[in-house]
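# Notes for the structure review
What follows is each chain in one-letter form.
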Amino acid sequence: MDRHTKDKQFTAFDAWDALKRFRWRFIGPAFMAACVILVVAMFLPRKYRGDAVFERRTDMVLTEIMNRGVSGNYQDPRVTLVEELAGRPAIDQAIEDLKPLFEQNYSFFDKQAIGDELSKKVLVKRDIASDSVDRIRVSFIAQNPQVARQVVNTLVTNYITRTRKQLDDRLHQTEKFFSDEVERNRVLIEDLENKQVAFEIEHAQLLPDSPNGLPNEIVSLQDQIADATRRRDAAGMRIGTLQEALANTPRTVPVVTRARNPVLAQLEAQRRDAAKTLSLYVDQYKMTEKHPDVAALRQTVASLDEQIKNTDEEVVSQTSDQTNPKYADLEMQITTATADLRTVERELQGLTARKAELAKSSDELFPIRADYRKISRDVEKVQRQLAFWEDNLRRVRMAQTAELGNRGVQLEFIKPCDALRLPISPNVIQLLMLAVAAAFVAGVLGVFFAQRADQTFSEGEKLAESFDLPLLGSVSEIINSQQRRVRRLHNYVLFPGSAAVMAAVVVAMASVLYLNLEKPAVFAQIKNKSATMIGVNKQDPAAPASVTASPTPAPTGDKPQE
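Residues numbered from 1 in each chain as written. Predicted model: local features only at pLDDT ≥ 70, side-chain atom pairs only at ≥ 80, totals over all residues. Heavy atoms only, no water.

For the protein, the helix and strand inventory stands at 19 helices and 6 strands. Of all 562 residues assigned to the protein, the portion counted as buried reaches 28%. For the protein, restricting intrachain contacts to residue pairs at least 6 apart in sequence, the fraction spanning at least 24 positions comes to 83%. For the protein, the exposed area adds up to about 37,400 Å²; of that, 55% sits on carbon and sulfur atoms. (Helix = DSSP H or I, 4+ residues; strand = E, 2+ residues; numbered from the N terminus. Buried < 20%, exposed > 50% of the residue type's maximum accessible area, 1.4 Å probe, protein only. Contact = heavy atoms within 4.5 Å. Areas by Shrake-Rupley, 256 points an atom, 1.4 Å probe, with all protein chains shown as cover.)

Given below as structure tokens:
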């Protein structure tokens, strides 16, 4: 690389000088790049997102009852939520319901293509997910706001309708199942009760529930033994507790006698004397506060008050020991509890011996009693089952007649998708940032290539160094007065004016883009007014000057035409 090429390299130190020299090589490409980005952004397709929210409240008890009573392959709506909302059958039904809308907004109605698009773009998510409450949001993005809105609303509405119909069918099946179970258990109860009556007639003297029968006596004896055992254990525990309390209780307790503190009485007497003397000096002798005796007495009274405040009112006058009454009471309680324990043990021995005697004579009664108990348990079991099925049947019938639509799952469309006004794409902030970045990059590239292609020298030293020639001297640029005036006109009028016009054009295009994306209503209003004004001018091109100078204000963001 020769020295000329080395000197012409674009370095960071020459950046500012190059920018000043080739500022229009920066401004021109930056302006064109920003305009291209903003113009392209005006024609980018708009995308709108429709969101519909519904809430599902699940009655866990009723849902469990319905799951017991339904025959067939029914799945929980919670499990099949996504498939029910955005599955292919649900989408096909929504397409059929919205067929006029799709035919109006699509150039060619292709049900398969539209279905594939909806399957990919419809999103289902839960805002709230719990065992009893679910809040589900259905979203869809489309270029037409009416399509995005109607799709999500139709999907949610169809899902609620289908789910309610399924729940009604499940309730009818559940009611039939519970009715059959209730009838079956009633017949079974009747058969068991007849069998129980026949058994009681055949073994009337040997039944466990007979008032004078041996089984009742054995049962009563077992209850007495259990009660005596409990009382024995309670007495033993009470004796242990009392003995532990007795071991921790002293035989004697100190007795303290308290009396008034004589020091406090002496201090109070001294204060009264000092106060009386002070009153005598002040009232009778008419001594002032500055008198030494009065001041001394004041100090004495204050000192006595402080001593009285810090002196206890009572002091211990005598300490003695006496017998602890609680200790004697505990000894008496232990003696009583020991006597009770011995009495209960003797009673328990007698009951145990009586039970052994009855057990020898009741061996033949156990099989009969076991059979009778089994029949009684069967009757009680079937009665509990009958109560269970009747309760479930009552709940199902209440759910069928409920005015609130409680079918185990309450569905409420809490937030349908309203009319969509603002697109979610393209984003105006991102577009403006892209335009600024593209303008900066284009300007930097313009300056860089201009600097690389420039073959001139601004300093004599660089020229002499590049060609290895001696520098004898240098002169400044020679221009006449007319050229100087033209240069000043360019520098102070034409160039700033052109830059201002470019900036105004970029700001106007950015404002139009902002209104188009963020304020579509204002943009449409301005567009309609502009179209109206253009139409009036076309109809009456020779209108008088008073028409163009009418007081009608120009639309917001547009400059009046000069």
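Still more to cover.
A few words on the nonpolar core. Grouped together as the largest cluster of nonpolar side chains are 30 residues, with contacts concentrated most on Phe54, Phe102, Leu118, Val138, Phe140 and Val151. Taken together, the elements giving at least two residues each to this core come down to β1 (48-58), α5 (81-86), α6 (88-97), α7 (99-105), α8 (111-121), β3 (133-142), α9 (145-202) and β6 (409-415). In contact with valine 138, other than residues within four places in its own chain, are Gly50, Asp51, Ala52, Phe54, Leu85, Val122, Leu123, Val152, Leu155 and Val156. Listed in part, the 12 residues of the second largest apolar core include Phe31, Val428, Ala435 and Met509. (Core = buried A, V, L, I, M, F, W, Y, C linked by side-chain atoms within 4.5 Å.)

A word on the pairing of β1. Burial of β1 is extensive: 8 of the 11 residues sit out of reach of the surface. Two elements, β1 and β3, share 10 bridges in a ladder whose sense is antiparallel. Each bridged residue has a counterpart across the sheet, and for glycine 50 the counterpart in β3 is phenylalanine 140. Pairing between β1 and β6: 5 bridges, direction antiparallel. Residue arginine 56 lies in a different strand from β6, and its bridge partner there is leucine 411. (Pairing = 2+ DSSP bridges.)

So, on to helix α12 (residues 292-309). Between its first and last C-alpha atoms α12 spans 26 Å; for 18 residues at 1.5 Å apiece the expected length is 26 Å, and the two agree. Restricting attention to buried positions, one finds in α12 the residues Val294, Leu297, Val301 and Leu304. Along α12, the residues classed as buried sweep out an arc of 85 degrees about the axis, all on the same side. Exposed residues on α12 whose side chains face more than 90 degrees from its buried face are Pro292 and Gln299. Contacts from the buried residues of α12 go to α11 (262-284). (Expected span 1.5 Å × (residues − 1). Arc of directions from axis to C-beta.)

Here threonine 154 shows up in helix α9. Judged by its relative accessible area of 10%, threonine 154 is buried. When neighbours within four sequence positions are excluded, threonine 154 is seen to be in contact with Ala94, Asp97 and Leu98.

On to the packing of helix α15 (residues 428-453) against helix α17 (residues 481-518). Between α15 and α17, whose axes approach to 10 Å, the crossing angle comes to 160 degrees. With respect to α17, the element α15 is oriented roughly antiparallel. As for the relative orientation of α15 and α17, their crossing is right-handed in sense. Here Val428, Leu431 and Leu432 of α15 come into contact with α17, specifically with Ala510, Leu513, Tyr514, Leu517 and Glu518. For the contact of α15 with α17, the per-class residue count stands at 7 nonpolar, no polar and 1 charged. (Axes fitted to C-alpha atoms, helices over the stretch in contact; angles between N-to-C directions. Parallel < 35°, antiparallel > 145°, perpendicular 65-115°, else oblique. Left-handed = near helix turned anticlockwise from the far one by under 90°. Nonpolar A, V, L, I, M, F, W, Y, C, P; charged D, E, K, R; others polar.)

Turning our eyes to something else, we now look at the sheet that holds strand β2 (residues 123-129). The strand order across the open sheet built from 4 strands is β2-β3-β1-β6, with neighbouring strands paired in antiparallel fashion. Edge positions in the sheet fall to β2 and β6, since each has one partner strand and no second. Taking the axes of each pair of neighbouring strands and ignoring which way they run, one obtains an average angle of 25 degrees across the sheet. Against the sheet, α8 touches β2 and β3, its axis set at about 130 degrees to β3. Sitting on the sheet, α9 touches β1, β3 and β6, and the angle it makes with β1 is about 20 degrees.

Attention now goes to the confidence of the model for the protein. Taken residue by residue, the protein gives an average pLDDT of 77. The fraction at 70 or more is 79%. Predicted confidence in the protein is weakest over helix α19 (residues 545-548), with a mean pLDDT of 36, and strongest over β3, with 90. This stretch, residues 1-10, has a pLDDT under 50; its non-local contacts, to residues over four places away or in other chains, come to 20 contacts. (pLDDT = per-residue confidence, 0-100.)

Another point: the packing of α11 against α12. Each pair of packed helices gets described by two things: the angle between the helix axes and the distance between those axes. Relative orientation of the contacting elements α11 and α12 amounts to 155 degrees, with a least axis distance of 9 Å. On the basis of the axis angle, α11 is roughly antiparallel to α12. As for the relative orientation of α11 and α12, their crossing is left-handed in sense. Residues Leu264, Leu267, Glu268, Gln270, Arg271, Ala274, Ala275, Thr277, Leu278, Tyr281 and Val282 of α11 pack against Asp293, Val294, Leu297, Arg298, Thr300, Val301, Leu304, Asp305, Gln307 and Ile308 of α12.

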